[in-house]
Structures are given as structure tokens and as C-alpha cells.
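# Coordinates in review
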Amino acid sequence: MKSITTILCFLLLVSCTKPEVAREVSVIPLPDSISLGEGTFILSAKTVIVAEGKAVAVAEYLRDFLKKATGLEVPVTDKRKKNAIILSLEDGLSGSKNSKEGYTLSSTSKNIVIKARAAEGLFYGVQTLRQLLPPEIESPTVKSDVVWSVPAVTISDQPQFAWRGMMLDCSRHFFPVSHIKNVLDQLAARKMNRFHWHLVDDQGWRIEIKKYPLLTTTSAWRVDHEDQHWNERPAQKPGEEATYGGFYTQDEIREVVAYASMLNIEVVPEIEMPAHVSCVFAAYPQFSCSGKKMTVLPGGVWPVTEIYCAGNDEVFAFLEDVLTEVIELFPSKYIHIGGDEATKTNWESCPKCQSRIKTEGLKNEEELQSYFIKRIEKFLSSKDRNLLGWDEILEGGLAPRATVMSWRGFAGGIEAARTGHDVVMSPTDFCYFDYYQGPKESEPLAIGGYLPISKVYRFNPIPDSLTMEESKHILGGQANLWTEYIPTPEHSFYMMFPRLDAMAEVLWTNPEKKNYEDFVHRLDRQFERYSNSGINHSKNIY
Ligand SMILES: [Zn+2]
């Protein structure tokens, strides 16, 4: 009995003290180490940001960020002064190991010092500082009645995984550049560093390609049946106009890539092939096996049997032209080529595809898909880019240097890692943010599934079955937001939040330090930040 009482007292202590500490310092994702000091730094009209060299860009980002809610014009200077936020780049910094993204942050009543080996680390120190300030700091307009205080702390921090990503499907529904930038801001606030931009799918082509203008005058537009259920929308009839859709111009893409780069986010474009491309055949029917002219699908049809013809060399010439323009726009090391869910029935009956199988000595249509992907990989390699694809690219033999994004569970990722290929884990069970996050009756219509935030938090990208050596190939993980049932920016935020906070902690924080109860306490403060920044989010967490 005594021991039970002792345990109860201990639990009470923990539950009484921890939330208080959490309210004082509430950072998501949880840093590697935090110790609380005494006193408070006050951001005021006297504050300056001290920075030199490569730190200046981060300082200017911080200056612009602080101005929005505080109204203060905090000057950037290279002279040390009192009441300063000092951003310092230092080689061989202890506490951040070798990570370019690691940093230390120390705040007292006198100043705040953020140190890192690289600008990336400084940037993440600034993101932590953002969460040490009152939640009103997230307001897009000036808040005049707030004391801009930062508690005295010493923080040392670095990420667990190199790939901390999110995918947004902009084909099923098109989102304007302003929303893409909002998404990037929220990713950066959570120290996430990859934005996987799904630009091509059956329901719309979203990227301007100068050499093939019909992709954006025709393939980007569908008949508007948004008032009907996704899976019950009739195809476009003769005489009906395709008015729903949109695309990103090359200038807009450059703008997004530059904006992301300022936020330490690499934008990884996804150009689907050989399937999920029927919208292309509304403009260029000659690239499918049947040559049949299609209309852009206004909703769900499954399976879509029209895919690129793998026996037609003009298809590869077209794809190389498209990828050449894509590569010029995106500096990303990785180009995602999809590769998923190719229904190969047309390949079985297509004379060109069958002739390719014979001349290349392939066994079947799966090996024909592998031939397709390998041929594209060869092209990407010649441009010094890495091919990334969904785990179906394993079928029929993986291309030699391909990186696999494992979505149908962990198995594909495990197989790839064991054969020495790099892997990004995004299994549906833990990473599909289009699934319901609470009881169906209290949530807007979703595609199905059930992924509460507590389960996202349990995600571990490294399966137990991998050896230490094999697990080095797991680059990290990412959340995927498919948007069949998500027509607006507000709705997309609703599906992301608060689950994105859990994903960010999974990918950044040392798993030994993760604690769901503590995370939920910190989320309370996070909800205040959401309301200040106007983020729509689900309340179905408790
Ligand atoms: Zn064919």
C-alpha cells in the first residue's frame, strides 16, 4: 500500500509540475536538451540582432518575422550591443555534433545567443526562439498589449533525421501560391525541411512546361463538379467547358523555390509516370497505348487504364523534355517520378509495349515498368539528379541508384534498405493525413482510414528488423496529404493540424526523449499559436 501511495504522490508531482514547465518553455519539436535559467529577456525598441557573413540572411529573416506581430524595427548590425540577439556561426561547436542543422541557444536577461556551425542551424535556433516568445508572436498583424518576453534557458539541439518532409497533392485540388507559402512557413516553424510537391495526377497537370503548352491550357482544367461526391462525378460531356483547375507558371515555381530556400526547405517536385497521367492524354493522346483522346477526370475513377506507352520512344522524348524544364526550375537533388499504381492491362495488349518486352528481353509487364523507370533514372543521372519513387518501383527490379518512398507499409522500405538503397518512410498507417483524425461523425468527409495524432506520434521510421548498417539508409519520413476530399486551403490546414506537430517531433526529436503526455501538454500552447496565426485545425485530439 505504501509503495502505491508513493507512486501516486510521484505521479501527482510530475503531473503538477510538468505542465507548468511546459507552459513556460513549450517547444515543438522537443529539443535535445533544455535547462531553465533565471530571469527573462525582454524584446524591446532597444533590441538589436547581431550577425555577420552568412548569418546575416538569417538575421534579416528574424527581423522581418519579428516586425509582423511586434511592430518593432529590430536593426541588424555587426556591432555587439546590450539587449542583443546574437547569431553566431562557429566551427567545431560542441553540443551540436556534426549536424549542419544543430544549434545551441542561450538566453539571459541581458541577451540571447544562438550558435551553429551553419546557417541552417542558426535558422532552427531562430525557430526555437519563435516558440520561446509569447504565442501572439504568430499574429500577422501588430499586437500592442504584449510583453515580448523570452525565459532564460540553455538549449542544445539537433535533428534525428535528415529528411523531415510533407507532401501536398496539388492535382486533385489546386492551391494558390499564397497557400503554398503558408504551408512552407508552418513546415519551417516545425523544423521540417522537405516539401514534396505533387504536381501531376489524373485530375490535373499543374506545372507550366514551355515546350508543351497544351499541358496547361488543356490538361490543367476539368469540368466543375465540385458540388458532387468525388467518386460520383460524371465525365465531361461534349459541349461542356472545363473551367475548374489551375497551374503554376514557371515564374511562380521559381518564387516558391526561392521562398522555400530561405526557410531551409528543399522543394522536391513529383512528375508522375507511367500512370496517374490520364490528364496528359486530353492534350497529347499520342503518348498512351490506345491513342484515345481523353478528357480530364473531374473526380475519382479506378482503375485508370490509360498510362504512358512504354513501347513508344516519343513518350521518352516527351518525358525528357518535361524533366529538362523541371530540372532547370528545381535545384533539388531528388526528382520524384511517382511510379505508383500503374494498371498495366493496356501494356498487355499494346503491340509497341509487347515488342519492347521482346527486344529488351524482359519477362513481363512488371519488368517493362522497371525498364521504364531505369531509362528515366539514366536520364536523371546524366543531369546529376537522383530518382525518387513510390515503392512500386521495386517491382520488376529497382533502378541502380533509386531512392524509395515506402508508402504501402514498411516492407518496400525494408527491402530497399537491405539492398543498399536510400529510403524515405511514409507508410499509410502513420503518415496519411487524408485519413480521419477523430470519430467520423465529428469530422468533415475524408477518404477513409483512421489516423489519430497519438498514432502519428508513435511512428518510428526505422523498423526494428533492420541492422544498424541497414538503418543508415532510412533518410527519414514524411506526412502525405492527398486532396481528393480537400478542396480549400483552410481544409488542408485542418487535416494537417495538429498532426503535423506530432510528425515534426517524430522526425526531429531523439526517440528516447519522446513522451506523448508531455507532447500533449505542449500542444495546449501550440493551439494558442494556431489561433494567433489563423490556422484551422481539428479539435479531436483528446
Ligand atoms: Zn504501349
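We now turn to the structure provided with this report. (Residues numbered from 1 in each chain as written. Predicted model: local features only at pLDDT ≥ 70, side-chain atom pairs only at ≥ 80, totals over all residues.)

### Quick look at helix α10 (residues 365-382)
Put simply, the test is: Secondary structure is summarised from DSSP: a helix means a run of H or I of at least four residues, a strand means a run of E of at least two, and numbering begins at the N terminus for each. A helix is expected to span 1.5 Å multiplied by its residue count minus one. Neighbour counting defines burial: a residue surrounded by 20 or more other C-beta atoms within 10 Å of its own C-beta is buried, one with 12 or fewer is exposed, and intermediate counts give partly exposed, using backbone-placed C-beta atoms. Once C-beta atoms have been placed from the backbone, residue pairs whose C-beta atoms lie within 7 Å are recorded as contacts.
Over its 18 residues, α10 runs 26 Å from end to end, which matches the ideal 26 Å to within 8%, given 1.5 Å per residue. Turning to α10, its buried residues number three or more, namely E365, L368, Q369, S370, Y371, F372, I373, I376, E377 and L380. The inward-facing, buried residues of α10 contact β14 (266-273), α7 (313-329), β15 (334-338), α8 (345-349), α9 (351-359) and β16 (386-390). Within two residues after α10, D384 carries a phi angle of roughly 65 degrees, on the positive side.

### Topic: the pairing of strand β8 (residues 163-169)
Here is the rule we go by: At least two bridges found by DSSP between two strands is the condition for calling them paired. A clockwise path from the first strand over the helix to the second, with the strands pointing away from the viewer, defines a right-handed crossover.
With seven of its seven residues buried, β8 lies for the most part within the structure. Both faces of β8 are covered, namely the face carrying W163, G165, M167 and D169 and the face carrying R164, M166 and L168. Strand direction decides the pairing type here: β8 and strand β19 (residues 474-481), joined by six bridges, are parallel. What sits directly across from G165, in β19, is Q478. For β8 and strand β9 (residues 194-198), the ladder comprises five bridges, and the chain directions are parallel. Residue M166 lies in a different strand from β9, and its bridge partner there is F195. Chirality of the crossover, the property in question, places the unit of β8, helix α4 (residues 177-189) and β9 among those that are right-handed.

### Details of α9
Owing to its 3.6 residues per turn, the α-helix aligns residues three or four sequence positions apart on the same side. Rule in force here: As used here, the arc is the angular range of directions from the helix axis to the C-beta atoms.
Three or more residues of α9 are buried, namely C353, R356 and I357. Viewed along the axis of α9, the buried residues span an arc of 100 degrees, placing them on a single side of the element. Away from the buried face of α9 by more than 90 degrees, exposed residues P351, S355, K358 and T359 are located. The secondary structure elements touched by the buried residues of α9 are α8 and α10. Looking one or two residues beyond α9, the residue adopting positive phi is G361, at roughly 65 degrees.

### Description of the sheet that holds strand β4 (residues 84-89)
Our working rule: In this analysis an axis means a line fitted to C-alpha atoms, helices contributing only their contacting stretch, and an angle means the value between N-to-C directions, from 0 to 180 degrees.
Strand order in the open sheet formed by seven strands is β1-β7-β5-β6-β4-β2-β3, and the pairing between neighbours is mixed. Looking at the sheet topology across the chains shown, the edges are occupied by β1 (33-42) and β3 (76-77). Where strand β5 (residues 103-107) lies against strand β6 (residues 112-116), four bridges are found, and the strand directions are antiparallel. Across the sheet, L105 pairs through a bridge with I114, a residue of β6. Those strands touched by helix α2 (residues 55-70) are β2 (48-50), β3 and β4, and its axis lies near 150 degrees from that of β4. On the sheet, helix α3 (residues 119-132) packs against β4, β5, β6 and β7 (149-157) and is oriented at approximately 150 degrees with respect to β6.

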